[in-house]
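Each chain, written out:
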Amino acid sequence: MTVYITQEVIGRNFLPARDYGKLVALLPANAQVVFSADPTLHKLTSELHNFDDEDFLLLSGDPIIMGLALVVALDANNGKAKCLKWDKHERTYYVVEIDRFKKGEDLDD
């Protein structure tokens, strides 16, 4: 099990996420998507090519990087990904499961 941290954030403590697996930062804190997403997309695709049901994404940093990482993880794992969401009141992570192809409840009801 691996927890892929999308981007390091200076001063943020990600250690509680170790309960879910080995921590791996995908991009350093100073990484930015400015004029082209291609280099970042290539790096994320390379790092997440083995993403599977046992792994987690911890979305942090640049919103574009977070979005790209989620897209790449979903592509690598047949439309499925698990993300860790920090609850500042409980001071713990919760798992949010995403299944892109599963038919969910109709939000219009």
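Scope of this entry: the structure provided in the associated data block. From a predicted model like this one, the values you see are computed outputs, not experimental measurements.

**What about the overall build of the protein?**
Next, step 1: Along its length, the protein carries two helices and five strands.
Next, step 2: Along the protein, helices (α) and strands (β) appear in the sequence β-β-α-β-α-β-β when read from the amino end.
Next, step 3: A compact globule built from 109 residues should have a C-alpha radius of gyration of about 13 Å, and the protein, at 14 Å, falls within 12% of that.
Next, step 4: Taking the principal axes of its C-alpha atoms as reference, the protein extends roughly 45 × 35 × 30 Å.
Next, step 5: Within the protein, the fraction of its 109 residues that count as buried is 33%.
Next, step 6: For the protein, long-range pairs separated by at least 24 residues make up 49% of all intrachain contacts whose partners lie at least 6 apart in sequence.
Next, step 7: About 7,500 Å² of surface is accessible on the protein, with carbon and sulfur atoms providing 50% of the total.

**Looking at the side chain of Asn 77**
Next, step 1: Checked against the element boundaries, Asn 77 lands in the loop between α2 (63–76) and β4 (80–87).
Next, step 2: In contact with Asn 77, not counting residues within four places along its chain, are Phe 51, Asp 52 and Asp 53.

**A short note on the pattern of salt bridges**
Next, step 1: Per the counting criterion, the structure on display carries one salt bridge.
Next, step 2: Lys 43 serves as the salt-bridge partner of Glu 47, at 3.0 Å between the closest nitrogen and oxygen. A residue pair is termed a helical-turn pair when its members lie 3 or 4 positions apart in one helix, as Glu 47 and Lys 43 do in helix α1 (residues 38–48) at four residues.

**Considering the packing of aromatic side chains**
Next, step 1: On inspection of all chains with the given rule, the structure shows three aromatic pairs.
Next, step 2: Ring geometry for Tyr 4 against Phe 51: centres 6.0 Å apart, planes inclined by 45°, an arrangement best described as tilted. You can see Tyr 4 sitting in strand β1 (residues 2–5) and its partner Phe 51 sitting in the loop between α1 and β3 (56–58), a full 47 residues away along the chain. The pair formed by Tyr 4 and Phe 51 is uniform in burial state, with each residue classed as buried.

**Notes on α2**
Next, step 1: Along its 14 residues, α2 runs 20 Å from first to last C-alpha, staying within 8% of the 20 Å computed at 1.5 Å per residue.
Next, step 2: Those residues of α2 that sit buried are Ile 65, Leu 68, Ala 69, Val 72, Ala 73 and Leu 74.
Next, step 3: If you follow the buried residues of α2, they end up packed against α1, β3, β4 and β5 (92–99).
Next, step 4: Measuring from the side-chain oxygen of the N-cap residue of α2 to the backbone nitrogen of Ile 64 gives 2.7 Å; that N-cap residue is Asp 62.
Next, step 5: The first or second residue beyond α2 is Asn 78, which carries a positive phi of 55°.

**A look at the pairing of β5**
Next, step 1: With eight bridges joining them, β4 and β5 adopt antiparallel strand pairing. If you follow Asp 87 over to β5, its bridge partner there is Thr 92.
Next, step 2: Connecting β4 to the antiparallel partner β5 that follows it, the hairpin turn spans four residues, and Arg 91 within it adopts a positive phi of roughly 55°.

Criteria and cut-off values
- Residues numbered from 1 in each chain as written.
- Predicted model: local features only at pLDDT ≥ 70, side-chain atom pairs only at ≥ 80, totals over all residues.
- Heavy atoms only, no water.
- Helix = DSSP H or I, 4+ residues; strand = E, 2+ residues; numbered from the N terminus.
- Rg over C-alpha atoms; globule rule 2.2 N^0.38 Å.
- Buried < 20%, exposed > 50% of the residue type's maximum accessible area, 1.4 Å probe, protein only.
- Contact = heavy atoms within 4.5 Å.
- Areas by Shrake-Rupley, 256 points an atom, 1.4 Å probe, with all protein chains shown as cover.
- Salt bridge = Lys/Arg side-chain N within 4 Å of Asp/Glu carboxyl O.
- Phe/Tyr/Trp six-rings, centres within 6.5 Å; stacked < 30°, edge-to-face > 60°.
- Expected span 1.5 Å × (residues − 1).
- Polar contact = N/O pair within 3.5 Å; in protein donor to acceptor, adjacent residues only side chain to side chain.
- Pairing = 2+ DSSP bridges.

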